[in-house]
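Inside the fold
Each chain, written out:
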There are 2 protein chains.
Amino acid sequence: MSQAATVAVDWGTSSFRLWLLDSAGGILGERRSDQGMMAAAKPGFANVLQSHLEALGVAADCPVVICGMAGARQGWVEAGYVDTPARLTDILDRAVPVPLQSRDIRILPGIAQRDATAPDVMRGEETQLLGAVGLNSVGDAVVCMPGTHSKWVTMRGGMVEGFGTFMTGELFSIVVRDTILTHAVAGAEAAEDIDAFKRAVEVAHDQPALASSLLFQVRSGQLLFGGSAAAAREAISGTLIGLEIAGGLARQLTEPVTLIASGRLARLYLIAFEALSIPVRSIDADEAVRRGLTMAASAIWKR
Amino acid sequence: MSQAATVAVDWGTSSFRLWLLDSAGGILGERRSDQGMMAAAKPGFANVLQSHLEALGVAADCPVVICGMAGARQGWVEAGYVDTPARLTDILDRAVPVPLQSRDIRILPGIAQRDATAPDVMRGEETQLLGAVGLNSVGDAVVCMPGTHSKWVTMRGGMVEGFGTFMTGELFSIVVRDTILTHAVAGAEAAEDIDAFKRAVEVAHDQPALASSLLFQVRSGQLLFGGSAAAAREAISGTLIGLEIAGGLARQLTEPVTLIASGRLARLYLIAFEALSIPVRSIDADEAVRRGLTMAASAIWKR
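Residues numbered from 1 in each chain as written. Chains lettered and ligands numbered in written order. Predicted model: local features only at pLDDT ≥ 70, side-chain atom pairs only at ≥ 80, totals over all residues. Heavy atoms only, no water.

1. Remarks on the relation of the copies chain A and chain B
Note on the copies: chain A fits chain B at an RMSD of 0.0 Å, the axial shift is 0.0 Å, and the rotation between them is 180°. Here the transformation between the copies is reduced to the relation of a two-fold axis. Comparing interface residues between copies, 100% of those in chain A also sit at the interface in chain B, which points to an isologous, same-surface contact. (Least-squares fit on C-alpha atoms with pLDDT ≥ 70 in both. Contact = heavy atoms within 4.5 Å.)

2. Overview of the domain arrangement of chain A
By the assigned domains, chain A splits into domain 1 (6-135 + 288-301) and domain 2 (168-284). Placing a centre on the C-alpha atoms of domain 1 of chain A and another on those of domain 2 of chain A gives a separation of 31 Å. (Domains from an automatic or database assignment.)

3. What to know about helix α5 (residues 168-178) of chain A
Burial in α5 of chain A covers these residues: Thr-168, Glu-170, Leu-171, Phe-172, Ile-174, Val-175 and Val-176 of chain A. In this structure, the buried residues of α5 of chain A make contact with β12 (150-156), β13 (159-166), α8 (229-248) and α9 (263-275) of chain A together with α5 (168-178) and α7 (211-225) of chain B. (Buried < 20%, exposed > 50% of the residue type's maximum accessible area, 1.4 Å probe, protein only. Helix = DSSP H or I, 4+ residues; strand = E, 2+ residues; numbered from the N terminus.)

4. Examining the packing of aromatic side chains
Ring pairs (aromatic) are described by centroid distance and by the angle formed between their planes. Residue and element names in this part refer to chain A. What the rule picks out here adds up to twelve aromatic pairs over all chains. Summarising the aromatic geometry, the rings of Trp-11 and Phe-16 are spaced 4.8 Å apart at their centres and angled 85° between planes, so their arrangement reads as edge-to-face. On the basis of relative accessible area, Phe-16 is assigned to the buried category, the value being 0%. These aromatic residues form a ring-pair network of at least three members: Trp-11, Phe-16, Phe-45 and Trp-76. Note that Arg-123 overlies the ring of Tyr-81, its terminal NZ or CZ placed 4.3 Å from the centroid. (Phe/Tyr/Trp six-rings, centres within 6.5 Å; stacked < 30°, edge-to-face > 60°. Lys NZ or Arg CZ within 6 Å of the ring centre and 35° of its normal.)

5. Some remarks on the state of the cysteines
Here a disulfide denotes one covalent bond, and it connects the sulfur atoms of two cysteines. Residues and elements named next belong to chain B. The full count for this structure, using the stated rule, is zero disulfides over all chains. The cysteine Cys-62 is free of any disulfide, with Cys-67 supplying the nearest cysteine sulfur at 16 Å. The class of Cys-62 is buried, set by a relative accessible area of 5%. (Disulfide = S-S within 2.5 Å.)

6. Topic: the interface of chain A and chain B
Taken together, the contacts link 48 residues of chain A with 48 residues of chain B. Across the chain A/chain B interface, buried area totals approximately 4,000 Å², and carbon plus sulfur atoms make up 66% of it. When the buried surface of chain A facing chain B is broken down by residue, Met-167, Phe-216 and Leu-224 of chain A rank first, second and third, together holding 15% of it. Counting the contacts that link chain A with chain B gives eight residue pairs in polar contact (both at pLDDT 80 or more). For the side of chain A that touches chain B, the elements supplying multiple residues, two or more each, are β9 (110-113), β10 (120-122), β13, α5, α7 (211-225) and α8 of chain A. Here the side of chain A that touches chain B gets eleven residues from one element, more than from any other, and that element is α7 of chain A. (Buried area = accessible area lost by both parts, 1.4 Å probe. Polar contact = N/O pair within 3.5 Å; in protein donor to acceptor, adjacent residues only side chain to side chain.)

7. Here's the deal with the sheet that holds β9 of chain A
Pairing is mixed in the open sheet, where three strands are placed in the order β5-β9-β10 (chain A). A strand with exactly one partner marks an edge of an open sheet, and here the two such strands are β5 (81-83) and β10 of chain A. Mean inter-strand twist for the sheet, computed between neighbouring axes without regard to direction, equals 25°. On top of the sheet, α7 of chain B reaches β5, β9 and β10 of chain A; it is set at about 85° to β10 of chain A, its chief contact. (Pairing = 2+ DSSP bridges. Axes fitted to C-alpha atoms, helices over the stretch in contact; angles between N-to-C directions.)

8. Here we look at the pattern of salt bridges
Counting across every chain of the model gives 24 salt bridges over all chains. The residue Arg-156 of chain A makes a salt bridge to Glu-161 of chain A at a minimum N-O spacing of 3.5 Å. Residue classification places Arg-156 of chain A among the partly exposed residues on the basis of a relative accessible area of 32%. A salt bridge links Asp-178 of chain A to Arg-177 of chain B; its shortest N-O distance comes to 2.5 Å. Residue Asp-178 of chain A is found in helix α5, and its partner Arg-177 of chain B is found in helix α5; the two belong to separate chains. Overall, Arg-177 of chain B belongs to the partly exposed group, its relative accessible area being 44%. (Salt bridge = Lys/Arg side-chain N within 4 Å of Asp/Glu carboxyl O.)

9. Overview of the sheet that holds strand β7 (residues 96-97) of chain A
Residue and element names in this part refer to chain A. Taken in spatial order, the six strands make up an open sheet running β3-β2-β1-β4-β8-β7, and their pairing is mixed. Here the strands that pair on one side only, and so sit at the sheet edges, are β3 (27-33) and β7. Note: strand β1 (residues 6-11) against strand β4 (residues 64-68), five bridges, orientation parallel. Its bridge partner lying in β4, Trp-11 is registered against Gly-68.

10. Details of unusual backbone geometry
All names here are of chain A. For the bond running from Thr-84 to Pro-85, omega is -5°, close enough to zero to count as cis. Structurally, Pro-85 is set in the loop between β5 and β6 (86-87). Non-glycine residue Ser-277 carries a positive phi angle of around 55°. Tracing the backbone shows Ser-277 in the loop between α9 and β15 (280-284).

11. Re the side chain of Thr-84 of chain A
All names here are of chain A. When you line up the elements, Thr-84 lands in the loop between β5 and β6. Residue classification places Thr-84 among the buried residues on the basis of a relative accessible area of 18%. Look past the residues within four positions of Thr-84 in its chain and what remains in contact with it is Ile-111, Ala-112, Gln-113, Arg-114, Val-160, Glu-161, Gly-162 and Phe-163.

12. Here we look at the packing of helix α4 (residues 125-133) of chain A against helix α10 (residues 285-301) of chain A
Residues and elements named next belong to chain A. At a minimum axis separation of 7 Å, α4 and α10 run at an interaxial angle of 90°. Taken together, the axis directions place α4 and α10 in an arrangement best described as roughly perpendicular. Residues Thr-127, Gln-128, Leu-130, Gly-131 and Ala-132 of α4 form the contact with α10, whose own contacting residues are Ala-285, Ala-288, Val-289, Arg-291, Gly-292, Leu-293 and Met-295. (Parallel < 35°, antiparallel > 145°, perpendicular 65-115°, else oblique.)

13. Overview of the packing of α5 of chain B against helix α8 (residues 229-248) of chain B
Residues and elements named next belong to chain B. Two elements in contact, α5 and α8, have axes separated by 10 Å at closest approach and are oriented at 150°. In terms of orientation, α5 lies roughly antiparallel with respect to α8. Once α5 is placed against α8, the crossing between them reads as right-handed. Touching Thr-168, Leu-171, Phe-172, Val-175 and Val-176 of α5 are Arg-233, Ile-236, Ser-237, Leu-240, Ile-241 and Glu-244, all from α8. (Left-handed = near helix turned anticlockwise from the far one by under 90°.)

14. As for the nonpolar core
Counting 42 residues, the largest nonpolar core has Leu-181 and Ile-236 of chain A together with Leu-181 and Ile-236 of chain B as its most contacted members. Those elements that provide at least two residues to this core are α5, α7 and α8 of chain A together with α5, α7 and α8 of chain B. Residues from two domains meet in this core; each of domain 1 (6-135 + 288-301) and domain 2 (168-284) of chain A gives at least three. Ile-236 of chain B has contacts with Phe-172, Val-175, Val-176, Leu-181, Val-185, Leu-215 and Val-218 of chain B, leaving out every residue within four places of it along the chain. (Core = buried A, V, L, I, M, F, W, Y, C linked by side-chain atoms within 4.5 Å.)

The structure is reproduced here in structure tokens:
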């Protein structure tokens, strides 16, 4: 094995991803599991991390940098927040060491928007953002980071001016699983209906106030006119994503949107932005968080 | 017992309500249970109805008129739909007899909006509407019927011109029960926070596109600034109701809104409309459906 420099961990609420990186950020090894914050609490964060390090044969003195919910109050060690307007370098300066460990382990803080009229928090996305825009960014950007809790960030002069969290992914899960729409989408897992998705994005984006009515129409439409479970599923997804984009862009003027996403989610949001004729530049989320963690490691351990 | 003329039943998805009425619509007896369409399928609709009729000692020749989901395809006997634009008297003309019963039992049809761009259906609310506006209405009105699936109806010249269903109540249930907001509202059942509710109604009504972000702020706000579970619960409720009112009024000009609701829901919506300075006249939903069923009985059996 080539010279490992750092272990980088993105420790989310429900997922755990670990990369063994060389000093240039090259990937020497990788581990993924569903031992997110919620699952890791019982066996203990130290034990979960150690088992993955052992599986990759990581040296005992190799340091570990972590971002995400492991730094939440209910996580491993609370890593606090950098407040908006936030310089991304402040995240590196405020990394919190995990005490009483045989190796050097640091957890990066999140970002908080302590605005009583729009309170918001992020943990993990700040590191993606760092990887995506870099340490020396001075530009403006509107950044969309889709997921269970999608983040829309306004960057001004390289700083995180403000952001908002949209519960798109979580709402999709519960609407599909546990409402009158559940029957409408039964058996749709494998199929896709891009046209139904695009139509729903457009309508919800144009009439966001009708969102919860557009959702019900998915069922009524199937009842009155027929239609596949796949079309129903994509219409629900499109409605919630169209609503999110309308909200995310509500107070933004800067274009294009910077999309930080991976896999199916990246593809869906690209289709949505295209349907709305909103220009977008796309950055892979996995790469971004790995790059951000590598930057953090370089800054913390001066390599 | 005075002379019973009709049994009136509002048979919803999850609730069953029965009234024994005299010829003037006066209440001689009442039964309520959770044997809605879903629960009644197994024991059988006829058996459920019969047990309640026996409990009230109803005569064997007393006829029964039913509205609601008992007339759905997956209900007792399918009662079809009257299509929009719909005359409310058409509902009475299209009542469907339940076959092979020892007494005369009729189920009222629902209303369908067979518009491919806004398909929608109602079952039960058409009878509330009939009771609220009467058989001879020729006026215009915007009617709000809140619930698990709130209905907003546009009446023109006494006809149901069109309507939309908002999943407000169902979304509230699942968001409170099964998301990241569940902890934020834990233990809030008994308490209330009217100010938090009003603020949330106003903000969501003004910025409906931000709805799913406003929901997340309920959690972030509690994390950053504290705040009670009751305030969190009312903020979620207010956000979803504010979103609904924005959507319900999006294409409407007629004021005041006619609110058909009962109990706590009536009170909440009255507070919401007041917070938004939207004039409203309020009609009790229980009374409306009973009056509608009485009108139906009179028309069907010419009493």
